[in-house]
Amino acid sequence: MEYSVLKGTHDVIKDEADAYSAIESLLTTCATNYGFREFRTPIIEKTELFVRTSGESSDIVRKEMYDFKDKGDRNISLRPEVTAGTIRAMINAKLFAIQDFPIKAYYVGPNFRYERPQQGRFRQFNQFGVESVGSDSYINDVEVIVLGFTALKMLGFKNLKFKINTLGDLESRKKYKEALVSYFSKYIDNMCFDCKERINLNPLRILDCKVESDIEIIKGAPKLKDYLNQKSTERFENVLKLLKENEIDYEVDDTLVRGLDYYSETVFEFHYISDLGKNYGAIGAGGHYSELVEQLGGPKVSGVGFACGIERLYSILADNNNLPEINSIDVYVMTMKPDFNEAAFGLVTSLRNCGFSADMNVENSSFSSMFKKAERRNTKLAIIIGQNEIENSVVQLKNLHTKEQFEVKLDDLTDKIDEILEEFEDHDHHHHHEQQE
RNA sequence: GCGAAUGUGGUGAAGUGGUUAACAUUCCUGGCUGUGAACCAGGCACUCGUGGGUUCGAUUCCCAUCAUUCGCCCCA
């Protein structure tokens, strides 16, 4: 093989690409139903944009960004996430001047992080996400959560475990950080290298440490909830209450802090556990941000976002045999001899013009292999043309699912195809319905 | 960035320091068939991931590299 794909990248083709499209279209349809509009922002941005928003101390910025200088000596990065670019776009388009809040955006597209690939994790990966910006109302937090919950359910993730926490507002967090620093400074000499860095860069992230001996120390650390001010506490209570009213089961997890610095108040994650009990971890996550918009030059307003990785969703759905149906074509026209190929091509063209998806064989071979070709294309109907059919202006129309075959006059063909395809759709709907129950 | 395993045809997978790389399956071609079958005959690795080294000789040994998978870190 002359060239292989780069580490952490992959070609998405055929069935997998169909599945990606299906997943993305379900997510975007859902977002549209919730009143979100699509934002397509560039894949490259100034490096500074991500450093500013994700935080200098975040792992994403410190070791995972694809950054480079362009020919004009500008520092550019491939985006590691889409929130920053989306907010930037809102500001550039002066959407905040109209004050029709919240501004609701959704996006789908590639992101890049330089990290070690694993199952469902890539260096170039696609994310779907939403941002609801401009209003501080806790209802927006809940709306985004309900959207995420609903969308993931519709995709076939049934046993979702929804974890939520609050990081409090800037004031609460500042007090809490001070408390953490004074607590951990007593033990820091015995803690891991990363924690020694974190205590200065971002003490909150020590709570995320997985080193066993550190975990013991962390257990005794002050709790954020004891440092929340009245406002943050009430806000969080309102979020929880509204979630309950909308039948979202939650689990408050006070160790939940997110890797990006811009979050404040509500943060959340959707975890998935399969029917067989396998825990896939977080398949979607998000949170509220209060300073991000102002930080990027916009007004002092807050927002809330949610994102999930398409590759991860796909890999879990595939793992559980729960992929959306792949595309099929309506009609496959087959002939045994090249003599009839031109007639077949004429027929295929007219079927396509009538709006059917149709294909034909050009390389004539045995019936056995032609039916296999039709099957590989996931075809619903086959049309067989031979000498008798040409002479009598008819075709043999075969339902590849039931294996029933009819002789149909050319004049009646499209009606008959419509009729049979309708049966297919009824069947599909029924099937789909069963799956959802 | 750290640790471990793997890399032989479309797929699964044997194998050896020495002429034609076993087997299974898929696929393709030809024969016979107006219908996804059966049967017969034949074909499909001339870089055994890539590059280098050891050797008279390497797919088999050594090194590097690339890729995949798993764990850690982190995250979607």
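Residues numbered from 1 in each chain as written. Chains lettered and ligands numbered in written order. Predicted model: local features only at pLDDT ≥ 70, side-chain atom pairs only at ≥ 80, totals over all residues. Heavy atoms only, no water.

**Here's the deal with the overall build of chain A**
Here is step 1 of the chain: Each helix and strand counted, chain A has 16 helices and 16 strands in total.
Here is step 2 of the chain: Projected onto its principal axes, the C-alpha positions of chain A cover 95 × 55 × 50 Å.
Here is step 3 of the chain: Per-residue burial for chain A yields a buried fraction of 49% across its 437 residues.
Here is step 4 of the chain: A fraction of 69% describes how many contacts in chain A between residues 6 or more apart in sequence connect residues 24 or more apart.
Here is step 5 of the chain: Roughly 23400 Å² of accessible area belongs to chain A as shown, and the carbon and sulfur atoms make up 48% of that amount. (Helix = DSSP H or I, 4+ residues; strand = E, 2+ residues; numbered from the N terminus. Buried < 20%, exposed > 50% of the residue type's maximum accessible area, 1.4 Å probe, protein only. Contact = heavy atoms within 4.5 Å. Areas by Shrake-Rupley, 256 points an atom, 1.4 Å probe, with all protein chains shown as cover.)

**A word on the pairing of strand 6 (residues 124-133)**
Here is step 1 of the chain: Among the 10 residues that make up strand 6, 9 are buried, leaving the element largely enclosed by the rest of the structure.
Here is step 2 of the chain: As judged from the 7 bridges shared by strand 6 and strand 11 (residues 303-309), these two strands associate in the antiparallel manner. The partner of Gln127 across the bridge, within strand 11, is Gly309. (Pairing = 2+ DSSP bridges.)

**Some details on the environment of Gln124**
Here is step 1 of the chain: Relative to the elements of secondary structure, Gln124 occurs in strand 6.
Here is step 2 of the chain: Separated by 153 residues in the primary sequence, Gln124 and Gly277 have C-alpha atoms spaced 29 Å apart.
Here is step 3 of the chain: The residues contacting Gln124, other than those within four sequence positions of it, are Gly8, Thr9, His10, Pro110, Asn111, Phe112 and Glu311.

**Some thoughts on the side chain of Glu64**
Here is step 1 of the chain: Mapping Glu64 onto the fold places it in helix 3 (residues 59-64).
Here is step 2 of the chain: No salt bridge is formed by the buried Glu64, whose closest oppositely charged neighbour, Arg113, lies at an N-O distance of 4.8 Å.
Here is step 3 of the chain: The contacts of Glu64, once residues within four sequence positions are left out, are Asp59, Phe112, Arg113, Tyr114 and Glu115. (Lys, Arg positive; Asp, Glu negative; His and termini not counted. Salt bridge = Lys/Arg side-chain N within 4 Å of Asp/Glu carboxyl O.)

**Observations regarding the confidence of the model for chain A**
Regions with low pLDDT should not have their predicted coordinates read in detail.
Here is step 1 of the chain: For chain A, the average pLDDT comes to 88, and 97% of its residues sit at 70 or higher.
Here is step 2 of the chain: Confidence, read as mean pLDDT per element, is least for helix 16 (residues 413-436) in chain A (74) and greatest for strand 1 (residues 37-38) (98).
Here is step 3 of the chain: Across residues 431-437, where pLDDT falls below 50, the model places 2 contacts with residues more than four positions away in sequence or in other chains.
Here is step 4 of the chain: Reported confidences for the modelled complex are a pTM of 0.88 and an ipTM of 0.80. (pLDDT = per-residue confidence, 0-100.)

**Details of the packing of aromatic side chains**
Here is step 1 of the chain: Applying the stated criterion across every chain, the model contains 19 aromatic pairs.
Here is step 2 of the chain: Three or more aromatic residues joined by ring pairs make a cluster, and in this case those are Phe149, Phe162, Phe268, Phe270 and Phe306.
Here is step 3 of the chain: Across from the ring centre of Phe36, 5.1 Å away, lies the NZ or CZ of Lys104, which sits over that ring.
Here is step 4 of the chain: Here Arg123 stacks its cationic end above the ring of Tyr114, 3.9 Å away from the centre of that ring. (Phe/Tyr/Trp six-rings, centres within 6.5 Å; stacked < 30°, edge-to-face > 60°. Lys NZ or Arg CZ within 6 Å of the ring centre and 35° of its normal.)

**Regarding the sheet that holds strand 2 (residues 44-46)**
Strand pairs in the sheet, formed through backbone hydrogen bonds, run parallel or antiparallel to each other.
Here is step 1 of the chain: Taken in spatial order, the 3 strands line up as 2-4-3 in an open sheet, and their pairing is antiparallel. Every other strand in the sheet has two partners, leaving strand 2 and strand 3 (67-69) as the edge strands with one partner each. Strand after strand, the sheet turns through a mean of 35 degrees between neighbouring axes, direction not considered.
Here is step 2 of the chain: Note that strand 2 and strand 4 (residues 75-78) share 3 bridges and pair antiparallel. Bridge pairing in strand 4 places Lys46 opposite Ile76.
Here is step 3 of the chain: Relative to strand 2, helix 2 (residues 47-54) is tilted by about 75 degrees, and along the sheet it contacts strand 2, strand 3 and strand 4. (Axes fitted to C-alpha atoms, helices over the stretch in contact; angles between N-to-C directions.)

**Details of the state of the cysteines**
Disulfides are covalent bonds that link the sulfur atoms of two cysteine residues.
Here is step 1 of the chain: Taken as a whole and assessed by the stated rule, the structure comprises 0 disulfides.
Here is step 2 of the chain: Left unpaired, Cys30 is separated from the closest cysteine sulfur, that of Cys308, by 10 Å.
Here is step 3 of the chain: Cys30 gets classed as buried once you look at its relative accessible area, which sits at 3%.
Here is step 4 of the chain: Looking at the unpaired Cys192, the closest cysteine sulfur is the one in Cys195, lying at 3.6 Å. (Disulfide = S-S within 2.5 Å.)

**Describing the environment of Leu410**
Here is step 1 of the chain: Topologically, Leu410 is positioned in the loop between strand 16 (405-409) and helix 16.
Here is step 2 of the chain: The sequence separation of Leu410 and Leu347 amounts to 63 residues, and the corresponding C-alpha distance is 9.2 Å.
Here is step 3 of the chain: Residues within four places of Leu410 in sequence aside, it is in contact with Leu347, Ser393, Val394 and Val395.

**Focus on the packing of helix 2 against helix 4 (residues 83-92)**
Axes are the key here: two packed helices are described by the angle between their axes and the distance separating the axes.
Here is step 1 of the chain: It is at 9 Å that the axes of helix 2 and helix 4 come closest, and there the two elements cross at 105 degrees. By the angle between their directions, the pair helix 2 and helix 4 is classed as roughly perpendicular. For the pair helix 2 and helix 4, contact is made by Leu49, Phe50 and Thr53 and by Ala84, Gly85 and Arg88, respectively.
Here is step 2 of the chain: Taken together, the residues of the contact of helix 2 with helix 4 sort by class into 3 nonpolar, 2 polar and 1 charged. (Parallel < 35°, antiparallel > 145°, perpendicular 65-115°, else oblique. Nonpolar A, V, L, I, M, F, W, Y, C, P; charged D, E, K, R; others polar.)

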